[in-house]
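# Fold and contact review
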Amino acid sequence: MPNRILVTYASRAGTTAEVAEAIARTLTQDGAQVDVLPMNSVKDLSPYQAVVAGSAIRGSKWLPEAIQFVQTHQSILTQKKVALFTVCITMSMKNAENYRAGVMNWVAPVRAMVKPISEELFAGMLDFSKLPINKDTLMLRLSVALGIFPRGDHRDWNKIQSWAQSLKPIMG
């Protein structure tokens, strides 16, 4: 089987999709074949020797389609090398490292289904123009107004690239 990797994601406003694309670009630099697909488009994992799966956080958990992806493909994922990434605005707060354990706990249900060989948390982006107007978004706006969450793009592209680089020797 060739060194073929799937980078798959669940995203609401495109932030996590862009992180997935950046991870894929790094993985392809040494010749790995990488496909990037939203989780709800993945039908068959058999062509892949490894899977990098990521989701945004909403309501202190991975997005529903991300949980569904892991549940649907759990048996085959347990036979593959799997790395997980989570994109969360909480990781952009002041003293974000103080919240790391809490955010990692939000991903515990996923970790219980698949045993990742690597896992990372990334700060996200808060762009209200890309989010629907609903109760959750209104609460998020209030949190920004109170100074709890910072608005804007807080993704650390160097950290994302560095983590993806660290996957190369363990995914091959």
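Nothing here was measured: the structure is a model prediction, and the numbers come from that model. (Residues numbered from 1 in each chain as written. Predicted model: local features only at pLDDT ≥ 70, side-chain atom pairs only at ≥ 80, totals over all residues. Heavy atoms only, no water.)

Once that is clear, we can look at helix α7 (residues 157-171). With 15 residues, α7 extends 21 Å between its outermost C-alpha atoms, agreeing within 8% with the 21 Å of an ideal straight helix rising 1.5 Å per residue. Buried residues of α7: Ile 160, Trp 163, Ala 164, Leu 167, Lys 168 and Met 171, and no others. All buried residues of α7 fall inside an arc of 165 degrees around its axis, so they share one side. For α7, the exposed residues set more than 90 degrees away from the buried face come down to Asn 158 and Pro 169. Near the N-terminus of α7, the side chain that reaches the backbone nitrogen of Asn 158, with its oxygen 3.1 Å away, is that of Asp 156. (Helix = DSSP H or I, 4+ residues; strand = E, 2+ residues; numbered from the N terminus. Expected span 1.5 Å × (residues − 1). Buried < 20%, exposed > 50% of the residue type's maximum accessible area, 1.4 Å probe, protein only. Arc of directions from axis to C-beta. Polar contact = N/O pair within 3.5 Å; in protein donor to acceptor, adjacent residues only side chain to side chain.)

Taken as a whole and assessed by the stated rule, the structure comprises six salt bridges. Among the salt bridges present, the one from Glu 65 reaches Arg 12, with a minimum N-O distance of 2.5 Å. One end of the pair, Glu 65, is in helix α2 (residues 64-72); the other, Arg 12, is in the loop between β1 (4-10) and α1 (15-28), with 53 residues separating them in the sequence. The salt bridge partner of Glu 120 is Lys 159, with a shortest N-O separation of 3.7 Å. A residue pair is termed long-range when its members are at least 10 positions apart, and Glu 120 in strand β6 (residues 118-123) and Lys 159 in helix α7 qualify at 39 residues. Salt bridges sharing common partners tie together Arg 100, Glu 120 and Lys 159. (Salt bridge = Lys/Arg side-chain N within 4 Å of Asp/Glu carboxyl O.)

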